[in-house]
Amino acid sequence: MARATLGLVLALGLAVANAHADFAIKNAAPRLQNRVVHVDTRFELSLNPKTEEALHKGIPLELVIDFQLVRARRWWTDRLITDLQLRRRLQFHALSRQYMVLEARPGGPAESFATLDQALAYLGDFSDFEIPLTARKQILPDARHVLAVRAYLNIEALPALMRPLAYATPSWYLGTGWSEWPVQP
């Protein structure tokens, strides 16, 4: 009896692990040019059945992308030069059967797509994205600078009644974790 129960628990655990989708950073190529960091980044985004079901029922999903430019130091903690956070929203319109990708700020551009795969590919593509550096942000020519990048599904952007369930369900925790890439001058 105990072996059958243990086998059932293991089988359910494997089914849950296999049903879990996640985000990944495919590549990032930051380069510094005239006090602007140009970034070519591509995220591989996929939704699991729970998040896809919520999307198809009219719940918008918000993706947050964090960029941090740091100066790597040997004997001290790394110094944050600048950081930038982007938010993009994915929505499904049932009448038109279209997926919409919108910038989270009001008045931002919107793009529509016929398939979820096309929308996710666009959502995770940042070609020649620019991070401007102000005069107060010092870039030392002989120092090593690193761009840290991550992307995650923002649970706080879900409707208030869904948040407790999302926090309690591991399938809603979609993200890449931090990845670091050296900045080329």
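Our structure is the block above this text.
Residues numbered from 1 in each chain as written. Predicted model: local features only at pLDDT ≥ 70, side-chain atom pairs only at ≥ 80, totals over all residues. Heavy atoms only, no water.

1. A word on the sheet that holds strand 7 (residues 125–132)
Thought 1: The sheet built from 3 strands is open, its strands ordered 1-2-7 with antiparallel pairing. Edge positions in the sheet fall to strand 1 (24–33) and strand 7, since each of these pairs with one other strand and no more. The sheet shows a mean angle of 20° between the axes of neighbouring strands, direction not considered.
Thought 2: Bridge count between strand 1 and strand 2 (residues 36–44): 9 bridges; the pairing is antiparallel. Within the sheet, the bridge partner assigned to Ala24 lies in strand 2 and is Glu44. (Pairing = 2+ DSSP bridges. Helix = DSSP H or I, 4+ residues; strand = E, 2+ residues; numbered from the N terminus. Axes fitted to C-alpha atoms, helices over the stretch in contact; angles between N-to-C directions.)

2. Topic: empty space enclosed by the protein
Thought 1: Evaluation of the coordinates by the stated rule reveals 1 cavity of 30 Å³ or more.
Thought 2: Here the largest cavity defines a volume of roughly 50 Å³.
Thought 3: Along the walls of the largest cavity sit Phe23, Leu47, Leu61, Glu62, Leu63, Leu90, Leu123 and Leu153, which together make up its complete lining.
Thought 4: No other element matches strand 3 (residues 61–72), which puts 3 residues into the lining of the largest cavity.
Thought 5: A per-class count over the lining of the largest cavity returns 7 nonpolar, no polar and 1 charged. (1 Å grid on protein atoms, 1.4 Å probe; cavity = no way out; pocket = protein on both sides within 12 Å on 5 of 7 lines; lining within 4 Å. Points joined across faces, edges and corners; volume = space filled by probe spheres on them. Nonpolar A, V, L, I, M, F, W, Y, C, P; charged D, E, K, R; others polar.)

3. Some details on unusual backbone geometry
Thought 1: Here Asn34, not a glycine, exhibits a phi torsion of approximately 55°, which is positive.
Thought 2: One can find Asn34 in the loop between strand 1 and strand 2.
Thought 3: Even without being glycine, Asp128 reaches a positive phi, approximately 50°.
Thought 4: For Asp128, the location among the structural elements is in strand 7.

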